[in-house]
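Listed below, chain by chain, are the residues.
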4 protein chains.
Amino acid sequence: MIIIMKQGTTHEHVEELSQHIERWNVKANPIYGEDTIVIGLVGDTGAVDKDALMLDPQVENIIKVQEPFKLANRKFHPDNSVVEIAPGVVVGGKKLVVMAGPCSVESEEQIIDVAKHVQADGATVLRGGAWKPRSSPYSFQGLKAEGLELLHKAHEATGLPVVTEITNPAHIDIFMDKCDCFQVGARNMQNFELLKELGQTRKPILLKRGFANTMEEFLMSAEYIMAGGNENVILCERGIRTYEKYTRNTLDISAVPVLKRMSHLPVVVDPSHAGGIYWMVEPLAKAAVAAGADGLMIEVHNDPAHALSDGAQSLTYDSFHHTMNALRAVAAAVDREI
Amino acid sequence: MIIIMKQGTTHEHVEELSQHIERWNVKANPIYGEDTIVIGLVGDTGAVDKDALMLDPQVENIIKVQEPFKLANRKFHPDNSVVEIAPGVVVGGKKLVVMAGPCSVESEEQIIDVAKHVQADGATVLRGGAWKPRSSPYSFQGLKAEGLELLHKAHEATGLPVVTEITNPAHIDIFMDKCDCFQVGARNMQNFELLKELGQTRKPILLKRGFANTMEEFLMSAEYIMAGGNENVILCERGIRTYEKYTRNTLDISAVPVLKRMSHLPVVVDPSHAGGIYWMVEPLAKAAVAAGADGLMIEVHNDPAHALSDGAQSLTYDSFHHTMNALRAVAAAVDREI
Amino acid sequence: MIIIMKQGTTHEHVEELSQHIERWNVKANPIYGEDTIVIGLVGDTGAVDKDALMLDPQVENIIKVQEPFKLANRKFHPDNSVVEIAPGVVVGGKKLVVMAGPCSVESEEQIIDVAKHVQADGATVLRGGAWKPRSSPYSFQGLKAEGLELLHKAHEATGLPVVTEITNPAHIDIFMDKCDCFQVGARNMQNFELLKELGQTRKPILLKRGFANTMEEFLMSAEYIMAGGNENVILCERGIRTYEKYTRNTLDISAVPVLKRMSHLPVVVDPSHAGGIYWMVEPLAKAAVAAGADGLMIEVHNDPAHALSDGAQSLTYDSFHHTMNALRAVAAAVDREI
Amino acid sequence: MIIIMKQGTTHEHVEELSQHIERWNVKANPIYGEDTIVIGLVGDTGAVDKDALMLDPQVENIIKVQEPFKLANRKFHPDNSVVEIAPGVVVGGKKLVVMAGPCSVESEEQIIDVAKHVQADGATVLRGGAWKPRSSPYSFQGLKAEGLELLHKAHEATGLPVVTEITNPAHIDIFMDKCDCFQVGARNMQNFELLKELGQTRKPILLKRGFANTMEEFLMSAEYIMAGGNENVILCERGIRTYEKYTRNTLDISAVPVLKRMSHLPVVVDPSHAGGIYWMVEPLAKAAVAAGADGLMIEVHNDPAHALSDGAQSLTYDSFHHTMNALRAVAAAVDREI
């Protein structure tokens, strides 16, 4: 942590402030420059109250040097982490993971049919929503517990592990036996009550980036889960909110190389929510693989025109088949496989 | 709802699509133009699946004409709503409400002392955080149940009604007797599980705008609460996230006139979180009153330099006193009072 | 300037880098901490190449301590600057300046009529566009040189000084005698060729903030003009681009107190372009005055429904009259006058 | 164009408004619904004044159906356009174009050396800045006319065609013989005076997207050039400004498939300015190729640590060599070549 003092601050003031700071068990090293005085803090500055320091009338600015995330930080864990969702299904290795399935589980027939089709084309995880957070209280809210049951049946029918979204800490118990990976949606990325309770489990968590959260905040939310003891966190970039409205969100493709540099956690990309429309899924998915993503989450529906939610961005079986072939070529070009 | 067809769509296609649409019990009226064909839908289009329609290969675009919020919509409720937080403390009338207090409750002494001081300067509601959602798991998380108890003691000592943030639906029961108004924080604006359960209570809800949510989404979240039967919703603008980083957030002052035009619900402004620094509180608060806000939420602390959270943006007693005087003059200039 | 080194950097590397840096005639002071090594640079760091330093493989980050604007900086010029547009018309004093008039000059009759009406209600500067930058090449582009002539006639008829937008350095000569203040529009805020040539004149410049520029960039553009010797710069906040699309732009009301704290230059607000619709002009204008603005720029049209541009955001004479009365009350409440 | 009327509008009002509209030589077709009345306008609505219509007190909203760009619109030009920069160097074909070179031309030796190296690795166009728009008046502003001369020498030495940025319409003449393609930088994307004059030439224009401009505005700026008769426009995505500050800009990778769908013009991507740091260039470049870009613009410098501008984002010869090899593999995977 570096404290920048206002011009004209007296040496006495700097000395006093330095003593005040040392009560937090850090060492304060002032440097006196021509125009500027700064105080460098060394030691564990985690306990230092930046807000309180800002109130010193002579403090111009305070800069954090250390990144605030520890467990998620690549600096302290140089090797890639690999998260195992099910036996043989790992995220973060040479083989990319493709999580595919409908936005919402709609019926037993539907979810089993979709599961079989996406499995045939190379998906290794089944996605599907049981509880659906929707902007409008008047929209379809998901089949809830029944949806969870149907996902489990699809798992039994195909062997595919299941990832599904959880929206309430009170639901953890009923999810535990019915899914292989919890999904935390973008709107709940900073629902810290939920994150803390998921940190108490040991099941993999697919954590989606909030649509207006920075990468640092994203890693701090991963840190909430990891601080509870659950290190099986998969990061998912799914588009951010910008001024551009042609696309539903703006896929932040830079997040792939940046997150992989800042953190050791695996990174997957959701091109379906990013673009918001089916014809963007393939080019965005190819870009994600080329940029180094460890996997993809793709919405596929048996009949998009009659889907109960997100039909516009869902792929048909045919287009998923086509997309998977295209992705295999790109994966090979960057020395990965699907 | 208006459906815009692609150029060159045949009349047969339009007729077929129109019949398809009428299964949702709305009437489809095609208009054939020189370059453009559009279909106007009349009737209750709430059930029409826009996503499904977008998959018709000849559909260019679909435009919603009606606003998706009903209960919060001024069109169906032309008069201002007034929310009573406690006997004599109403939000939405000529008299502005000022909710003041510390970011976090820290001790019995502290909260009672702050309550007395802000009351003396004209605040009529006490704010204070018991559960604190923080970006970092390593930051102070609030006194939780004990904080709630202390707020209640401050209420008993001063008579001020209490507003405090709730972050988990499981906590509603213990909040019920200890506060007069639930606060839903910006990060939970789309925590629909929480909103639905708060809709089942009849206590006033101060709903903060998410830092990257549109005004329409904000009103849809109010709608979630109101759809449960609780119409006592107070909207709170607290700054949005933009590219500009000099301020913590960008206060969207336009939200005041816009929300009051779109909705009948009262609108308050939180200048403390918007600017993120104490010296911006007064000018932003004055701007809010001048723009027509129904009230303010302001952080005040007995000793900001030693606050456990948000010290930098908290006012001292002296600056709160000064600010309240300044606000009285502006309120009078726009025919309101404090 | 502070250089933060990566963990594990050797003392030798730090010493070498320090010597390398001192070739730019600054002094490099390393501090060795437990987890962190930083190098504080003292002296005039203007010449130090931050980009080049970033390429040192051991450099983690570089932080600028000094603000990059000098002439516009309040630190080096503590008193408010006052810009005189015409004898008796000064911006930055106790009396607020109101610049009013149509988006585009359309005819002699129109501009003189508008000038007389806005003058009668207290405007002291006439605004009007001759060259109109429009997003579409197919929209009305302004009357150009003829418009300038007509503005001059309106000046002769009323005595009001004139502010009008310049979009091309090649036009400066013809503007010199026809206007009292150059306006640089938001889209040209970083047209540095234009700024440099305007810096060679001594006429006041109303510099509008680019719709996606930071306040620091805004002040750097002021610096371009001032570095040429023309210190008569008036800053104008006119709304920024955000994800929120209900309003044309988001008025950044915080910019008023922030710019006035960072810089000594006067600050005016354009509520017409910020909101983009007539009914927002009055509340936003009142907010601007309450927040401490030194003036306003307001679009007024004799017949908004038939305006050649920006009709939707223009006030009628009646609504301008009403707005000015409302503003007088707010100005008095903050110890200013109109 | 579709006009949506407020609830409760009388038939008389609609009929009157329809007649009023028909003075613009379009046909107005009202549809009367249960809750909604809309008026569909058919014919060439280019002349209809949307702003003026918005002032009708019964008009709720107006929606443009047709995209405002014509010449750049794929609807009216279904085949891809191909722009020839020099004999054999075309943008928009199967072979991708790579434009490489330093941010700024610094000396004859430097520019010729860089030109030879990038040519050896497969670049077919030389980039280099002579006039440099910089945020600060105190930063290096480019060698200007001398830089242009040196670029020309590098062209003579290698045969590579040259693209370089123009910032002032007054410079067009001196650029004409010295470069093969004008670059319009992000900050000048809406410098309409410059665009109009470039439209009068017949030389290719590399038009960079403004850092906060929508794709529609981007295509309208292309339209400005094309409306002057110059259809040789190449679109360049180079990152947009968002709330995320880890990267200099956020590369909008979606812009590649979207622009290619909206327009027939070729699209190239500049990963150097998007990420702002050398280690992001390769992953972003690979993503761009995978997403369907027609080419890349990449900064390469002989000695990035001593570059006069943008050193941090420049590739060394070695890393450019490595990147080009990686790109060849990705290009092949999407059936393109370099």
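Within each chain, residue numbers correspond to sequence positions counted from 1 in written order. As a convention, the first chain written is A and the first ligand written is 1, with the rest following in written order. Per-residue local features of the predicted model are confined to residues with pLDDT of at least 70, and side-chain atom pairs are confined, for both listing and counting, to 80 or more; whole-chain, interface and lining totals are unaffected and use all residues. Excluding hydrogens and water, the side-chain figures rest on all heavy atoms present in the structure.

### Here we look at the overall build of chain A
Right, so step 1: What counts as a helix is a DSSP run of H or I of at least four residues, what counts as a strand is a run of E of at least two, and both are numbered from the N terminus. Looking only at helices and strands, chain A has 11 helices and 14 strands in total.
Right, so step 2: Along the longest, intermediate and shortest principal axes, the C-alpha atoms of chain A span 75 × 45 × 40 Å.
Right, so step 3: Each residue is assigned to one of three classes by its accessible area relative to the maximum for its type, calculated with a 1.4 Å probe on protein chains only: buried under 20%, partly exposed between the two thresholds, exposed over 50%. The burial tally for chain A puts 67% of its 338 residues in the buried class.
Right, so step 4: The criterion used for residue contact is that any of the two residues' heavy atoms lie within 4.5 Å. In chain A, once contacts between residues fewer than 6 apart in sequence are set aside, the share between residues at least 24 apart is 67%.
Right, so step 5: For chain A, the accessible surface area stands at approximately 11,100 Å², while carbon and sulfur atoms represent 48% of it.
Right, so step 6: Chain A carries 32 positive and 44 negative side-chain charges, and their two centres are separated by 2 Å. To measure how exposed things are, a 1.4 Å probe is used in the Shrake-Rupley method; for residues, cover is taken only from the protein chains shown. The charge count includes Lys and Arg as positive and Asp and Glu as negative, but it does not include His or the ends of the chains. By convention, the charge on Lys lies at NZ, on Arg at CZ, on Asp at CG and on Glu at CD.

### A look at the sheet that holds strand 12 (residues 233–237) of chain B
Residue and element names in this part refer to chain B.
Right, so step 1: If you trace the eight strands once around the closed barrel, you get 7-8-9-10-11-12-13-14, paired in parallel fashion. Averaged over all adjacent pairs, the angle separating strand axes in this sheet is 25°, with direction ignored.
Right, so step 2: Should DSSP find at least two bridges between two strands, the strands are taken to pair. Sheet analysis places strand 7 (residues 97–101) next to strand 14 (residues 295–299), joined by five bridges and oriented parallel. By the bridge assignment for strand 14, valine 97 is matched with glycine 295.
Right, so step 3: All axes are obtained by fitting lines to C-alpha atoms, using only the stretch in contact for helices, and the reported angles, taken between N-to-C directions, cover 0 to 180 degrees. Most of the contacts of helix 8 (residues 255–262) go to strand 13 (residues 267–269), to which it runs at about 165°, and overall it touches strand 12 and strand 13.

### Structural notes on the relation of the copies chain C and chain A
Right, so step 1: A least-squares superposition brings the copies together, and it is based on the C-alpha atoms of residues with pLDDT no lower than 70 in both. The transformation that overlays chain C on chain A combines an axial shift of 0.0 Å with a rotation of 180°, and the residual RMSD is 0.1 Å. In short, the pair behaves as if placed about a two-fold rotation axis. Among all residues of chain C, the minimum C-alpha distance to the rotation axis is found for tyrosine 243 of chain C, at 2.1 Å.

### A short note on the sheet that holds strand 2 (residues 27–32) of chain C
Residue and element names in this part refer to chain C.
Right, so step 1: Pairing is antiparallel in the open sheet, where four strands are placed in the order 2-3-1-4. The open sheet has two free edges, formed respectively by strand 2 and strand 4 (59–63), since each of these has just one partner strand. Mean inter-strand twist for the sheet, computed between neighbouring axes without regard to direction, equals 20°.
Right, so step 2: Judged from the four bridges that link them, strand 1 (residues 2–5) and strand 3 (residues 37–42) form a sheet pairing that is antiparallel. The residue bridging isoleucine 4 from the neighbouring strand is valine 38, located in strand 3.

### Some words on the interface of chain A and chain B
As a measure of interface size, the accessible area lost when the parts come together is often cited.
Right, so step 1: Listed by partner, the interface residues are 51 residues for chain A and 51 residues for chain B.
Right, so step 2: Summing both partners gives a buried area of about 3,700 Å² for chain A against chain B, and 51% of it is carried by carbon and sulfur.
Right, so step 3: What makes a salt bridge here is a side-chain nitrogen of Lys or Arg within 4 Å of a carboxyl oxygen of Asp or Glu, nothing more. Our count for the contact surface shared by chain A and chain B stands at two salt bridges.
Right, so step 4: Polar contact is defined as a pair of N or O atoms within 3.5 Å, subject to the rule that within protein one atom must be able to donate a hydrogen and the other to accept it, and that residues adjacent in sequence are counted only when both atoms are side-chain atoms. Inspection of the region where chain A meets chain B yields 20 residue pairs in polar contact (both at pLDDT 80 or more).
Right, so step 5: Secondary structure elements with two or more residues in the side of chain A that touches chain B: helix 2 (50–54), helix 6 (192–199) and helix 7 (215–227) of chain A.
Right, so step 6: For the side of chain A that touches chain B, the residue count by class is 22 nonpolar, 15 polar and 14 charged. Buried area adds together the accessible area that both of two parts lose upon being put together, with accessible area traced by a 1.4 Å probe. Gly falls in the polar group here, along with every residue not listed as nonpolar (Ala, Val, Leu, Ile, Met, Phe, Trp, Tyr, Cys, Pro) or charged (Asp, Glu, Lys, Arg).

### With respect to the pairing of strand 14 (residues 295–299) of chain D
All names here are of chain D.
Right, so step 1: Summarising burial for strand 14: five of the five residues are buried, a large majority.
Right, so step 2: With two bridges joining them, strand 13 (residues 267–269) and strand 14 adopt parallel strand pairing. What sits directly across from valine 269, in strand 14, is leucine 296.

### Side note on the relation of the copies chain A and chain B
Right, so step 1: Rotating chain A by 180° and moving it 0.0 Å along the rotation axis overlays it on chain B with an RMSD of 0.1 Å.
Right, so step 2: Interface overlap between copies is the fraction of interface residues in one copy that are interface residues in the other; for chain A against chain B it reaches 100%, indicating a shared surface.

### Section: the UniProt feature "domain: DAHP synthetase I/KDSA" (unreviewed entry) in chain A
Right, so step 1: Per the UniProt record, "domain: DAHP synthetase I/KDSA" (unreviewed entry) is annotated on residues 89–325 of chain A.
Right, so step 2: For residues 89–325 of chain A, the helix share is 38%, the strand share is 15%, and the end-to-end C-alpha distance is 20 Å. UniProt positions are given in the numbering used here, feature names are shortened, and annotations may be inferred rather than shown by experiment.

### Topic: the domain arrangement of chain A
Right, so step 1: Where each domain begins and ends is defined by an automated method or by a domain database. What the domain assignment reports for chain A is domain 1 (2–63) and domain 2 (74–333).
Right, so step 2: Between domain 1 of chain A and domain 2 of chain A, the C-alpha centre-to-centre distance is 44 Å.

### Details of the packing of aromatic side chains
Right, so step 1: For Phe, Tyr and Trp, where Trp contributes only its six-membered ring, two rings pair if their centres lie within 6.5 Å, and the inter-plane angle classes them as stacked under 30 degrees, edge-to-face over 60, or tilted in between. Within the structure shown, the criterion is met by 12 aromatic pairs over all chains.
Right, so step 2: Geometrically, the ring pair formed by phenylalanine 175 of chain A and phenylalanine 182 of chain A is stacked, given 6.1 Å between the ring centres and 25° between the ring planes.
Right, so step 3: For phenylalanine 175 of chain A, a relative accessible area of 0% gives the class buried.
Right, so step 4: Aromatic ring contacts, followed pair by pair, group Trp131, Phe175 and Phe182 of chain A into a single cluster.
Right, so step 5: It is arginine 241 of chain B that lies over the ring of phenylalanine 211 of chain B; its NZ or CZ is 4.3 Å from the centre. Each ring is checked for a lysine NZ or an arginine CZ that lies within 6 Å of its centre and within 35 degrees of its normal; such an atom marks a charge sitting over the ring.

### Some remarks on the pattern of salt bridges
Right, so step 1: Scanning the entire structure with this criterion turns up 60 salt bridges over all chains.
Right, so step 2: Among the salt bridges present, the one from glutamate 217 of chain A reaches arginine 241 of chain B, with a minimum N-O distance of 2.6 Å. Remark: arginine 241 of chain B occurs in the loop between strand 12 and helix 8 and glutamate 217 of chain A occurs in helix 7; the pair is interchain, linking two chains. The burial state of glutamate 217 of chain A is the same as that of arginine 241 of chain B; both residues are buried.
Right, so step 3: Residues joined in a network through salt bridges with shared partners are Arg209, Glu237 and Asp252 of chain A together with Glu244 of chain D.

### Points about the environment of glycine 275 of chain A
Residue and element names in this part refer to chain A.
Right, so step 1: Among the structural elements, glycine 275 can be located in helix 9 (residues 271–275).
Right, so step 2: Taking the relative accessible area as the measure of exposure, glycine 275 reaches 3% and is therefore buried.
Right, so step 3: Sequence separation between glycine 275 and leucine 55 is 220 residues; the distance between their C-alpha atoms is 44 Å.
Right, so step 4: Not counting the four nearest positions on each side in its chain, glycine 275 is found in contact with Thr247, Arg248, Met280 and Leu284.

### Here we look at the pairing of strand 5 (residues 83–86) of chain C
All names here are of chain C.
Right, so step 1: Where strand 5 lies against strand 6 (residues 89–91), three bridges are found, and the strand directions are antiparallel. Residue pairing for strand 6: glutamate 84 is matched across the bridge by valine 90.
Right, so step 2: Between strand 5 and strand 6, which pair antiparallel one after the other, the connecting turn spans two residues, and glycine 88 there sits at a positive phi close to 85°.

### Quick notes on the interface of chain C and chain A
Right, so step 1: At the interface, 23 residues of chain C touch 24 residues of chain A.
Right, so step 2: Of the roughly 2,000 Å² buried where chain C meets chain A, counting both sides, 67% is carbon and sulfur surface.
Right, so step 3: Taken as a group, Ile31, Val65 and Tyr243 of chain C account for 23% of the area that chain C buries against chain A, more than any other trio of residues on that side.
Right, so step 4: Where chain C meets chain A, there are two salt bridges.
Right, so step 5: One salt bridge in this structure joins glutamate 60 of chain A and lysine 75 of chain C, with 3.6 Å as the shortest N-O distance.
Right, so step 6: The interface formed by chain C and chain A holds two residue pairs in polar contact (both at pLDDT 80 or more) in total.

### Thoughts on helix 8 (residues 255–262) of chain C
Right, so step 1: In terms of residue burial, helix 8 of chain C counts as a mostly covered element, since seven of its eight residues are buried.
Right, so step 2: Ala255, Val256, Pro257, Val258, Leu259, Lys260 and Met262 of chain C are the residues of helix 8 of chain C that are buried.
Right, so step 3: Tucked inside the fold, the buried residues of helix 8 of chain C contact helix 10 (278–291) of chain B together with helix 7 (215–227), strand 12 (233–237), strand 13 (267–269) and helix 10 (278–291) of chain C.

### Quick look at unusual backbone geometry
Right, so step 1: At aspartate 335 of chain B, a residue that is not glycine, the phi angle is positive and equals roughly 65°.
Right, so step 2: With respect to the helices and strands, the residue aspartate 335 of chain B is situated in the segment after helix 11 (317–333).
Right, so step 3: Notably, asparagine 25 of chain D is not glycine yet its phi reads approximately 60°, a positive angle.
Right, so step 4: In this fold, asparagine 25 of chain D is placed in the loop between helix 1 (11–22) and strand 2 (27–32).

### With respect to helix 4 (residues 145–158) of chain A
All names here are of chain A.
Right, so step 1: Under the convention used throughout, the expected extent of a helix is 1.5 Å for every residue step, that is, one less than its residue count. With 14 residues, helix 4 extends 20 Å between its outermost C-alpha atoms, agreeing within 8% with the 20 Å of an ideal straight helix rising 1.5 Å per residue.
Right, so step 2: Residues Gly147, Leu148, Leu150, Leu151, His152, Ala154 and Thr158 constitute the buried set of helix 4.
Right, so step 3: In the core, the buried residues of helix 4 are packed alongside helix 3 (108–120), strand 8 (125–127), strand 9 (162–165) and helix 5 (172–176).
Right, so step 4: Backbone geometry just downstream of helix 4 places glycine 159 in the positive-phi region, at approximately 85°.

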